[in-house]
Amino acid sequence: MVEPDQVPRTGRNESVEERMDRNWMELIQELRVLQTGVQILGGFLLTLPFQSRFEHLDDWQRGLYLFNVMAAALTTALILLPVSVHRRLFRRGLKATLVSSADAITKWALAGVAILIVGSATLVFDVTAGRTAAMIAGSFIILVLLVLVVGMPLWLHRRALQNGGGNNGNAP
């Protein structure tokens, strides 16, 4: 990994500190988007036990429901973690460490959101259309998320490098 003070300029007229500040703000914006989605989905999950049909869930559906609640709680914790890290590292001259750790945490939070999306959709399909439809829908959503969340960024990065764009991964 290239140290932040050794990162070559990328065409922006900004110092290393300005770049770290910009990267931090971009990460925080991304986390805000994730947080809203997880809160909506988590709120939906928390209302389910109070519905009359909840009593009719079988053991597999209840297990999947509880898994989804756990995924929502842990993903929420991941989304909040960069704020906690920021509070601990604030004014200690560790912005590069903060940005780097927040980047890694955000990737894990994205994985948590993907798991939550698959689990919630699978539960809804299972309750409304049956187990087979749930497995098909869950598998399809996993495939689509892998293509969009993993494959698309890799493809775009590879394409940018082939076209001479990007910064070859040297600058955050």
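What you see is a predicted model; the values in this text were computed from it and never measured.

**Looking at the overall build of the protein chain**
Moving on, step 1. Within the protein chain, the regular secondary structure consists of 4 helices and 0 strands.
Moving on, step 2. Starting at the N terminus and walking to the C terminus, you meet the elements of the protein chain as α-α-α-α.
Moving on, step 3. Looking at the 172 residues of the protein chain, the share that counts as buried comes to 30%.
Moving on, step 4. Long-range contacts, defined as pairs at least 24 residues apart, comprise 71% of the intrachain contacts of the protein chain with a sequence gap of at least 6.

**So, the confidence of the model for the protein chain**
Moving on, step 1. Here the protein chain averages 86 in pLDDT, while 90% of its residues score no lower than 70.
Moving on, step 2. Across the protein chain, the element-wise mean pLDDT spans from 86 in helix α1 (residues 16-47) up to 95 in helix α4 (residues 131-162).
Moving on, step 3. In the predicted structure, residues 168-172 sits below a pLDDT of 50 and forms 13 contacts with residues beyond four places in sequence or in another chain.

**Focus on helix α3 (residues 95-129)**
Moving on, step 1. For α3, which comprises 35 residues, the first-to-last C-alpha distance of 49 Å matches the rise-based estimate of 51 Å (1.5 Å per residue) to within 8%.
Moving on, step 2. Following α3 by one or two positions, G130 adopts a phi angle in the positive range, close to 105°.

**Quick word on the nonpolar core**
Note that soluble globular proteins tend to have their nonpolar side chains buried in a common cluster.
Moving on, step 1. Within the largest apolar cluster, 23 residues are counted, with the highest numbers of intra-cluster contacts made by W24, L34, L45, L48, Y65, I79 and L116.
Moving on, step 2. Of all elements in the fold, only α1, α2 (59-89) and α3 reach the threshold of two or more residues within this core.
Moving on, step 3. Take this core: its biggest share by element is 8 residues, from α1.
Moving on, step 4. Not counting chain neighbours up to four residues away, the residues in contact with L45 comprise Y65, N68, V69, A72, L116 and S120.
Moving on, step 5. Counting 5 residues, the second largest nonpolar core, distinct from the first, contains A114, V118, I141 and L145.

**Comments concerning the packing of aromatic side chains**
Moving on, step 1. One pass over the full model with this rule turns up 1 aromatic pair.
Moving on, step 2. Seen from their ring centres, F54 and Y65 are 5.0 Å apart, and the 75° between their planes marks the pair as edge-to-face. Here Y65 lies in helix α2 and F54 lies in the loop between α1 and α2, a separation of 11 residues in the sequence. Taken as a pair, F54 and Y65 share a single burial class, namely buried.

**As for α2**
Moving on, step 1. Taking 1.5 Å of rise per residue, the 31 residues of α2 would be expected to cover 45 Å, and the 45 Å separating its terminal C-alpha atoms lies within 8% of that figure.
Moving on, step 2. At L80, α2 shows its maximal bend, which comes to roughly 35°, and the proline P82 appears one to four places after that position.
Moving on, step 3. Its side-chain oxygen at 3.1 Å from the backbone nitrogen of W60, D58 defines the N-terminal cap of α2.
Moving on, step 4. Just downstream of α2 lies R91, where phi reads positive at about 60°.

**As for the packing of α1 against α2**
Moving on, step 1. Following both chains from N to C, one finds α1 and α2 inclined at 155°, their axes separated by 10 Å at the closest point. With respect to their mutual orientation, α1 and α2 come out roughly antiparallel. The two elements α1 and α2 meet at a crossing, and its hand is left-handed. Residue-level inspection shows W24, L31, L34, Q35, V38, G42, L45 and L46 of α1 in contact with α2, the latter providing Y65, N68, V69, A72, T75, T76, I79, L80, P82 and H86.
Moving on, step 2. Of the residues belonging to the contact of α1 with α2, the class tally is 12 nonpolar, 6 polar and no charged.

**Some thoughts on the pattern of salt bridges**
Moving on, step 1. Under the definition given, this model contains 7 salt bridges.
Moving on, step 2. Where E14 meets R22, a salt bridge forms, and the shortest distance between an N and an O atom there is 2.6 Å. A single burial state applies to E14 and to R22, both of which are buried.

Here is what the cut-offs are and how they apply
Residues numbered from 1 in each chain as written. Predicted model: local features only at pLDDT ≥ 70, side-chain atom pairs only at ≥ 80, totals over all residues. Heavy atoms only, no water. Helix = DSSP H or I, 4+ residues; strand = E, 2+ residues; numbered from the N terminus. Buried < 20%, exposed > 50% of the residue type's maximum accessible area, 1.4 Å probe, protein only. Contact = heavy atoms within 4.5 Å. pLDDT = per-residue confidence, 0-100. Expected span 1.5 Å × (residues − 1). Core = buried A, V, L, I, M, F, W, Y, C linked by side-chain atoms within 4.5 Å. Phe/Tyr/Trp six-rings, centres within 6.5 Å; stacked < 30°, edge-to-face > 60°. Bend = angle between axes of the 7 residues up to and from the residue. Polar contact = N/O pair within 3.5 Å; in protein donor to acceptor, adjacent residues only side chain to side chain. Axes fitted to C-alpha atoms, helices over the stretch in contact; angles between N-to-C directions. Parallel < 35°, antiparallel > 145°, perpendicular 65-115°, else oblique. Left-handed = near helix turned anticlockwise from the far one by under 90°. Nonpolar A, V, L, I, M, F, W, Y, C, P; charged D, E, K, R; others polar. Salt bridge = Lys/Arg side-chain N within 4 Å of Asp/Glu carboxyl O.

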